[in-house]
Amino acid sequence: MPLYEYECPGCGKRIEVLQKMGEDGKLLSCPECGVTGLRRLLSATAIQVSGGSGAVPGPGCGAGGCPAGGSGFS
Ligand SMILES: [Zn+2]
């Protein structure tokens, strides 16, 4: 379950909340001043989860060159 960080628009306090994917923070209220409608920040945790194990570069023909089979030069 991803960890989200919210910031209170009233007092600027930041809180961290564990939420399921797709939930939003509209029902959250600030523990300090009670304001609702906290703004969700992009946390490093969320970025790591979505970024995953990264893109694997394709084998391509760069390093060793492609086998030029069937190109038909005599
Ligand atoms: Zn607040």
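Read on for an overview of the structure. (Residues numbered from 1 in each chain as written. Predicted model: local features only at pLDDT ≥ 70, side-chain atom pairs only at ≥ 80, totals over all residues. Heavy atoms only, no water.)

**Side note on the overall build of the protein**
Per the secondary structure count, the protein includes one helix and three strands. Each helix and strand of the protein, placed in order from N terminus to C terminus, yields the pattern β-β-β-α. Out of the 74 residues in the protein, the part that is buried amounts to 18%. Partitioning the contacts of the protein with sequence separation of at least 6, the portion at a separation of at least 24 is 29%. (Helix = DSSP H or I, 4+ residues; strand = E, 2+ residues; numbered from the N terminus. Buried < 20%, exposed > 50% of the residue type's maximum accessible area, 1.4 Å probe, protein only. Contact = heavy atoms within 4.5 Å.)

**Looking at the nonpolar core**
Core analysis: the largest hydrophobic core is formed by seven residues, namely Tyr4, Tyr6, Cys8, Ile15, Val17, Cys30 and Leu38. Put simply, the parts of the chain that give this core at least two residues each are strand 1 (3–7) and strand 2 (14–18). With near-sequence residues (within four places) excluded, Cys8 lies in contact with Lys13, Cys30, Cys33, Val35 and Leu38. (Core = buried A, V, L, I, M, F, W, Y, C linked by side-chain atoms within 4.5 Å.)

**Considerations on the side chain of Glu7**
The topology assignment puts Glu7 in strand 1. On the basis of relative accessible area, Glu7 is assigned to the buried category, the value being 14%. Within the structure, the side chain of Glu7 is placed 3.2 Å from the side chain of Arg14, a separation counted as a polar contact. Within the local environment of Glu7, its side chain forms a polar contact with the side chain of Arg39, the two groups lying 2.4 Å apart. Each residue touching Glu7, except ones within four places of it in the same chain, is listed here: Gly12, Lys13, Arg14, Leu38, Arg39 and Leu41. (Polar contact = N/O pair within 3.5 Å; in protein donor to acceptor, adjacent residues only side chain to side chain.)

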